[in-house]
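What follows is each chain in one-letter form.
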Amino acid sequence: MPANDFFVSAPGKAILHGEHAVVHGKVALAVSLNLRTYLRLETTTTGKVCINLPNIDTFLCWNLTELKQLLPYSCAKGEEMKRLDPELVQRLREFVGVTNGNLDTCNMATLSFLYLYLSLFGSSELPSLTLSVWSELPTGAGLGSSAAYSVCLAAALLSARGAIPTPLKEWDHTGRWCQEDLELINSWAFQGEMIIHGNPSGVDNAVGTWGGMLRFLAGKIIPLSRVPLLRILLTNTKVPRSTKVLVARVKDKINKFPSIMTPVLDSVDAVSCTCEKVLSEMTSEPITGEHYNILEELIDINQHHLNVMGVGHPALDTLCRVTLTRGLHSKLTGAGGGGCGITLLRPETDSVVVQSTVQDLRDCGFDCWETSIGGPGVQQHAPLSVKEEVLEILNQY
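Treat the numbers as computed from the prediction; the structure is a model and nothing was measured. (Residues numbered from 1 in each chain as written. Predicted model: local features only at pLDDT ≥ 70, side-chain atom pairs only at ≥ 80, totals over all residues. Heavy atoms only, no water.)

### Looking at the state of the cysteines
No. 1: The tally for this structure, following the rule as stated, stands at one disulfide.
No. 2: Sulfur of Cys152: no disulfide; nearest cysteine sulfur belongs to Cys106 and is 18 Å away.
No. 3: On the basis of relative accessibility, which here comes to 0%, the residue Cys152 falls in the buried class.
No. 4: Summary of cysteine pairing: Cys273 is not part of a disulfide, and the nearest cysteine sulfur, belonging to Cys275, is at 9.9 Å.
No. 5: On the basis of relative accessibility, which here comes to 29%, the residue Cys273 falls in the partly exposed class. (Disulfide = S-S within 2.5 Å. Buried < 20%, exposed > 50% of the residue type's maximum accessible area, 1.4 Å probe, protein only.)

Put into structure tokens, the structure is as follows:
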């Protein structure tokens, strides 16, 4: 790596339409959030590898000699390893002290980092590094925070390994990798997600890698080349939920009432396809109020469908009711049953209305941010392009 410091960021994700329908062969649209995870990689001469995670108040260091002992006797060349190595995963679980299957946020972040680091550098000399990672995304809220973390790790470590070039030119503020390099970043980020989640769909890390909007159908992920940047409110109801339980609930309802639920899933599919068509129009012709009218109607329709599917929650009903009193339209994003919701903001929405709505939602006990969807995927940053408050956190160690 030409410079001692390397800064990279990746976005979180929201599901615009198609929650739960995707597991039944229907279209889902996933979009990037302009709430990002930032990583600083510093090469050192300490003989140690360290990782600083301010979000969870964690700073860990390991000697290179003890890490080298964890590697299998025969290592594939780092960038050529495409499948998760179960032997290395097991060694790392024992090393970290996770043998009961109960992974907290710190252990998941540690395992993912050590796995990617050792896999990529195992066939050569292990370098001394310090990584600092900080995220604007809340963890465990269904917003792709773990995938953004894995994408940042993959991009930074692959660059440090020399497997992909550094895309940032001397005069640029940010740099983006070419398609081939993004595919390699995505494949390694997916391995990080497998360690954290076991059997992920691959949507979250794909959004973190490519950004914008992705179409997900029958296991195939297709990045859409152009999407408009849309302002939203993102609200975390802070109601805990289990994706596994919610998916099972939808499946049970479909099995119990197939003649009722199949048309609902077909309708959700049509909502996703109609939304994709409208967003495509918004990139190829002047954006009009009618475009936003249709998007708002689709949001309302999709939210009603999700309630019918049994993944609503009184907290999400409150979110929809509070924003509608201000003329704004909301829906859940992700598994439902609590978690997060998104609210579309029209270009003409007055800032006073936005601020009042945010305050109303915070008065309900929710966390709320104004952000946007459709932003860029993983990027390398010049230090001056990183937000000052983020830079201050990343430079703590």
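After that view, the rundown keeps rolling.
### Here we look at the packing of aromatic side chains
No. 1: Overall, the coordinates contain three aromatic pairs when judged by the stated rule.
No. 2: Ring centres of Trp62 and Phe113 lie 6.2 Å apart, and the angle between their planes is 35°; on these two criteria the pair is classed as tilted. Pair noted here: Trp62 is in strand E4 (residues 58-63) and Phe113 is in helix H3 (residues 105-121), with a separation of 51 residues, a long-range link. Accessibility classification places Trp62 together with Phe113 in one group, the buried group.
No. 3: A network of ring pairs unites the aromatic residues Trp62, Phe113, Tyr117 and Phe121 as a single cluster. (Phe/Tyr/Trp six-rings, centres within 6.5 Å; stacked < 30°, edge-to-face > 60°. Helix = DSSP H or I, 4+ residues; strand = E, 2+ residues; numbered from the N terminus.)

### Examining the packing of helix H8 (residues 258-284) against helix H9 (residues 289-308)
A pair of packed helices is captured by two measures, namely the crossing angle of their axes and the spacing between those axes.
No. 1: Here H8 crosses H9 at 160°, and the two axes come no closer than 10 Å. Looking at the two axes, H8 sits roughly antiparallel to H9. When you trace H8 past H9, the crossing you get is left-handed. Contact residues: Met261, Val264, Ser267, Val268, Val271, Thr274, Cys275, Val278, Leu279, Glu281 and Met282 in H8; His291, Tyr292, Ile294, Leu295, Leu298, Ile301, Asn302, His305 and Val308 in H9.
No. 2: Here the residues of the contact of H8 with H9 are counted per class, giving 14 nonpolar, five polar and one charged. (Axes fitted to C-alpha atoms, helices over the stretch in contact; angles between N-to-C directions. Parallel < 35°, antiparallel > 145°, perpendicular 65-115°, else oblique. Left-handed = near helix turned anticlockwise from the far one by under 90°. Contact = heavy atoms within 4.5 Å. Nonpolar A, V, L, I, M, F, W, Y, C, P; charged D, E, K, R; others polar.)

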